[in-house]
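# Geometric and topological summary
The residues making up each chain are set out below.
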Amino acid sequence: MSTINFGTSVSLAEACDLAIFNPKKAYLWLSEPGCGKTSQLHAIKQRLGDAYTYVYFDMANKDIGDIGMPIPDRERKITEYYLNGIFQHYVGKPLVIIFDEWTKAPQLVQNALHPVLEPSGPRVLDWYIPDGSIRILTGNGAADGLGDNIKAHTLNRVTRLHVRKPSAEEWLAWAVNNDVDPVVMAWVDRFPHVLDSYMDGDQSSNPYIYNPKKMQTSYVSPRSLEAVSHSIKNRTLVSANAMLADMIGTIGESGARDLNAFVEYQDQLPTWEAVITSPKTAKLPDSPGACAVMVFGGVTRVDAASITPFMDYIERMEPEWQAAFAINLAKNPARSAVAFKSAKFRDWCQQNEDIL
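Reference entry: report on the structure contained in this document. Please read these numbers as outputs of a predicted model, since none were measured by experiment.

Each aromatic ring pair is characterised by the separation of its centres together with the angle its planes make. Overall, the coordinates contain 13 aromatic pairs when judged by the stated rule. Arranged with centres 5.7 Å apart and planes meeting at 90°, the rings of Phe-99 and Trp-102 form a pair that is edge-to-face. With a relative accessible area of 0%, Trp-102 lands in the buried category. Measuring from centroid to centroid gives 6.2 Å for Trp-171 and Trp-174, while their planes differ by 40°, and the two rings are tilted. Placement of the pair is Trp-171 and Trp-174 together in helix H5 (residues 168-175), with a separation of three residues, close to one helical turn.

A probe matching the size of a water molecule, rolled over the atoms, marks out where space remains unfilled. In this structure, the largest pocket spans a volume of roughly 990 Å³. Lining the largest pocket are 33 residues; nearest its centre among them are Leu-12, Gly-36, Ser-39, Gln-40 and Trp-174. Elements represented by at least two residues in the lining of the largest pocket include exactly helix H1 (12-21), helix H2 (40-48), H5 and helix H7 (222-233). Top contributing element to the lining of the largest pocket by residue count: H2, with five residues. By residue class, the composition of the lining of the largest pocket is 12 nonpolar, 11 polar and 10 charged. Taken as a whole, the second largest pocket spans an internal volume of roughly 480 Å³. Around the second largest pocket, the lining is made up of 22 residues, and of these Pro-182, Gln-266, Gly-297, Thr-300 and Arg-301 lie nearest the centre.

On to the pairing of strand S2 (residues 53-58), then. Walk down a regular strand and you will see the side chains alternate between the two sheet faces. Taking burial as the measure, the six residues of S2 include five buried ones, the bulk of the element. Summarising the sheet, S2 and strand S5 (residues 95-100) pair through six bridges and their orientation is parallel. Note on S5: the bridge partner recorded for Tyr-54 is Val-96.

Next up on the list: the nonpolar core. Grouped together as the largest cluster of nonpolar side chains are 58 residues, with contacts concentrated most on Trp-171, Trp-187, Val-188, Leu-259, Phe-310 and Phe-325. For this core, the leading source of residues is helix H11 (residues 288-301), giving eight residues. In contact with Leu-259, other than residues within four places in its own chain, are Val-183, Val-184, Trp-187, Val-228, Ile-232, Met-247 and Ile-251. Ranked by size, the runner-up nonpolar core spans 26 residues in total, among them Ala-105, Leu-117, Ile-150 and Val-158.

What follows deals with the packing of helix H13 (residues 319-331) against helix H14 (residues 333-340). At a closest axis distance of 6 Å, the pairing of H13 and H14 adopts a crossing angle of 115°. Residues Leu-329, Ala-330 and Lys-331 of H13 lie in contact with H14, whose contacting residues are Pro-333, Arg-335, Ser-336, Ala-339 and Phe-340. Of the residues that constitute the contact of H13 with H14, the class distribution is five nonpolar, one polar and two charged.

Before going further, it helps to examine the environment of Gln-216. Tracing the backbone shows Gln-216 in the loop between helix H6 (182-190) and H7. When its relative accessible area of 26% is taken as the criterion, Gln-216 is described as partly exposed. For the pair Gln-216 and Met-294, spaced 78 residues apart in sequence, the C-alpha separation works out to 32 Å. Setting aside its immediate chain neighbours within four residues, Gln-216 contacts Ile-209, Tyr-210 and Asn-211. Looking at Gln-216, its side chain comes within polar contact range of the main-chain nitrogen of Asn-211, at 2.8 Å.

Attention now moves to the side chain of Asp-148. Mapping Asp-148 onto the fold places it in the loop between strand S8 (134-139) and helix H4 (152-155). Taking the relative accessible area as the measure of exposure, Asp-148 reaches 19% and is therefore buried. Polar side-chain contacts of Asp-148 include one of 2.3 Å to the side chain of Thr-103. Of note is the side chain of Asp-148, whose polar atom sits 3.0 Å from the side chain of Lys-104. Ignoring sequence-local partners within four residues, the contact set of Asp-148 consists of Glu-101, Thr-103, Lys-104, Gly-139 and Asn-140.

With that settled, the discussion passes to the sheet that holds S5. Read across the sheet, five strands follow the order S2-S5-S8-S1-S9 without closing on themselves; strand pairing throughout is parallel. What marks the edges here is a single partner per strand, and that holds for S2 and strand S9 (158-162). The average angle at which neighbouring strand axes cross in this sheet is 20°, direction not considered. Here H1 sits on the sheet and contacts strand S1 (26-30), S8 and S9; the angle it forms with S1, its principal contact strand, is near 165°. The strands touched by H2 within the sheet are S1, S2, S5 and S8, with S2 carrying the most contacts at an inclination of about 175°.

Where H6 meets H7, the closest approach of the two axes is 8 Å, and the angle between their N-to-C directions is 135°. The orientation of H6 relative to H7 falls into the category oblique. Counted together, Val-183, Val-184, Trp-187 and Val-188 of H6 and Leu-225, Val-228, Ser-229 and Ile-232 of H7 form the full contact between these two elements. Grouping the amino acids of the contact of H6 with H7 by side-chain chemistry returns seven nonpolar, one polar and no charged.

Quick notes on the rules
Residues numbered from 1 in each chain as written. Predicted model: local features only at pLDDT ≥ 70, side-chain atom pairs only at ≥ 80, totals over all residues. Heavy atoms only, no water. Phe/Tyr/Trp six-rings, centres within 6.5 Å; stacked < 30°, edge-to-face > 60°. Buried < 20%, exposed > 50% of the residue type's maximum accessible area, 1.4 Å probe, protein only. Helix = DSSP H or I, 4+ residues; strand = E, 2+ residues; numbered from the N terminus. 1 Å grid on protein atoms, 1.4 Å probe; cavity = no way out; pocket = protein on both sides within 12 Å on 5 of 7 lines; lining within 4 Å. Points joined across faces, edges and corners; volume = space filled by probe spheres on them. Nonpolar A, V, L, I, M, F, W, Y, C, P; charged D, E, K, R; others polar. Pairing = 2+ DSSP bridges. Core = buried A, V, L, I, M, F, W, Y, C linked by side-chain atoms within 4.5 Å. Contact = heavy atoms within 4.5 Å. Axes fitted to C-alpha atoms, helices over the stretch in contact; angles between N-to-C directions. Polar contact = N/O pair within 3.5 Å; in protein donor to acceptor, adjacent residues only side chain to side chain. Parallel < 35°, antiparallel > 145°, perpendicular 65-115°, else oblique.

So yeah, pure geometry; function would need other evidence.
So, in structure tokens, the structure goes:
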């Protein structure tokens, strides 16, 4: 992302911090499509653990009956609401609840859930949600042109945040910990502008990203990058033509044809077994794109047995690629322990402090 306007937008991590540390408030997160708002329910669960119950409520696909239903009590000749089990009110823990796409929901559904936004005694129908519950609403901004709508009296009950698109660096830090294919990570590392935002300024010449001023069927976003990664992992099971069609349908034609070149880099590199068994003689990549694929592939694969030979291999590459490997490995919670237990890795870090 080329421009970050401090105070007018927040990162996903900052949006999570605000929601977690201010449970008396309900937050409305607005961002352009595919930026990862919904996935933050899982991210918050990883942070907070079992102290909370986690609820996803898909507002745009719900009707009033999906909230609760009036059930007759024949003895007292009244009706009482039975709450939908999706809220898991029977568990008794505070909630982390995401009302996804609130701004696209039918007005009747928004109205029915309005009491959950109150700072004092928030409730769903007749049920008061437990103290300390975290309430997050999501939607797209008006400039995205997706028909989002929210009333002024609702806005006065929530804290509205513009959640910016993650930068390439931020997305890569997430990707190395979430099983994204190294080819996709390498492409984003080499071409970070694929994660620019149409709100960054003049992006009319950027063919990859979402732009409400253009007719688009597919485009690059954090969400579509994760989706195309699943396809690339299975590329050997389908024809090259089918694979390219899949990629075009996921991230758009410009992105797909450029990313396909990195797929070809992957297929031209030495096998992992050749690198680990013959690190001093295995073929080195001969282009920046192929180097990036090799580096991110190493980050996702090294273990206690392979880190020393892979370090022997990577030391034959240019210093910038050695540094890229070391930095991304250290950031990866699943691999950092392997790195810092390795004498070879520790020695490399001491000898190359100037390029880290």
